[in-house]
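Structural characterization, general
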Amino acid sequence: MLDPGKPSFTPKKSKSSVVMFVGLQGSGKTTTSTKYAYYHQKKGWKPALVCADTFRASAFDQLKQNATKAKIPFYGSYMESDPVKIAVEGVERFKKENCDLIIVDTSGRHKQEVALFEEMRQVSEATKPDLVIFVMDSSIGQVAFDEAQAFKQSVVVGAVIVTKMDGHAKGGGALSA
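What you are looking at is a predicted structure, and each value in this text was computed from that prediction instead of being measured.

**With respect to the environment of Pro47**
Structurally, the position occupied by Pro47 is in strand E2 (residues 47-52). In this structure Pro47 touches Ala37, Gln41, Ile72, Pro73, Cys99, Asp100 and Leu101, once residues within four positions along its chain are discounted.

**Things to note about the confidence of the model for the protein**
For the protein, per-residue confidence averages 86 on the pLDDT scale, and residues scoring 70 or more make up 90% of the total. Confidence, expressed as mean pLDDT per element, reaches its minimum in the protein at helix H6 (residues 173-176) with 57 and its maximum at strand E3 (residues 74-75) with 97.

**Examining the pairing of strand E4 (residues 101-106)**
Burial of E4 is extensive: six of the six residues sit out of reach of the surface. Burial along E4 is two-sided: the face carrying Leu101, Ile103 and Asp105 and the face carrying Ile102, Val104 and Thr106 are both buried. When strand E1 (residues 17-23) meets E4, the two strands line up parallel, connected through five bridges. Note that in E4 the partner of Ser17 across the bridge is Leu101. Taken together, the six bridges between E2 and E4 define a ladder with parallel strand orientation. Directly across from Ala52, in E4, lies its bridge partner Thr106.

**Examining unusual backbone geometry**
Phi is positive for Lys71, close to 60 degrees, though the residue is something other than glycine. By the element assignment, Lys71 lies in the loop between helix H2 (59-70) and E3. Phi at Lys128 is positive, roughly 45 degrees, even though this residue is not glycine. Tracing the chain through its elements places Lys128 in the loop between helix H4 (114-127) and strand E5 (131-137).

**Topic: H2**
For H2, spanning 12 residues, the distance from its first C-alpha to its last is 17 Å, which sits close to the expected 16 Å at 1.5 Å a residue. Buried residues of H2: Ala59, Phe60, Leu63, Ala67 and Ala70, and no others. Burial along H2 is one-sided: seen end-on, the buried residues are contained in an arc of 105 degrees. Opposite the buried face of H2, by more than 90 degrees, sit the exposed residues Gln65, Thr68 and Lys69. The inward-facing, buried residues of H2 contact helix H1 (29-42), E2, E3 and E4. Just past H2, the residue Lys71 takes up positive phi, approximately 60 degrees.

**A look at the pairing of E5**
Counting buried positions along E5 gives seven out of seven residues, so the element sits mostly inside the fold. Pairing analysis gives five bridges linking E1 to E5, with the strands arranged parallel. Looking at the pairing, Met20 lines up with Val132 of E5. Pairing geometry for E5 and strand E6 (residues 159-163), over five bridges, is parallel. Bridging across to E6, Phe134 finds its partner in Val160.

**Considering H4**
Given a rise of 1.5 Å per residue, 14 residues ought to cover 20 Å, and the 20 Å separating the end C-alpha atoms of H4 matches this to within 8%. Within H4, the full set of buried residues consists of Leu116, Phe117, Glu119, Met120, Val123, Ser124 and Thr127. The buried residues of H4 all sit within an arc of 155 degrees when viewed along its axis, so they share a single face. Facing away from the buried side of H4 by more than 90 degrees, the exposed set consists of Val114, Ala115 and Glu125. Next to the buried residues of H4 lie E1, helix H3 (83-96), E4 and helix H5 (144-154). Positive phi shows up at Lys128, right after H4, with a value of about 45 degrees.

Conventions we followed
- Residues numbered from 1 in each chain as written.
- Predicted model: local features only at pLDDT ≥ 70, side-chain atom pairs only at ≥ 80, totals over all residues.
- Heavy atoms only, no water.
- Helix = DSSP H or I, 4+ residues; strand = E, 2+ residues; numbered from the N terminus.
- Contact = heavy atoms within 4.5 Å.
- pLDDT = per-residue confidence, 0-100.
- Buried < 20%, exposed > 50% of the residue type's maximum accessible area, 1.4 Å probe, protein only.
- Pairing = 2+ DSSP bridges.
- Expected span 1.5 Å × (residues − 1).
- Arc of directions from axis to C-beta.

Encoded structure:
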């Protein structure tokens, strides 16, 4: 039922792959992107994290703290307000450093925010990710389909990660996403 009919994305060692995380505000993108990087680091990849979230004031601090704790290189800026510029600079920097998994963490948004969706599309266009992961909080319930659809119409979503499954019984929305 959930088989897309083609193999799932698998990063390749020694070739830089870009993975972009998108999702609603508060869904857990920053934490999940660090966990994703840490998981791959333990499997032998050389990951790096790019904070393209210029909307939430503490986003870079959170990513910096998580990445430092996990000993994963990171990139972001306190001064630059253009997420596209930050994303491009971070991806280019880590490609030069031969990182084989570059993870771009974007601002949270929801389907009513047209400007933020345009920004997400621009980040995607500029960084050309190999995979876009939609991060969804399990507690959103029946709204999951509408939100996932809105994201899919702006960027090519290739995977869904459902967070906070331990704290809620509304995980059924994951199937519709």
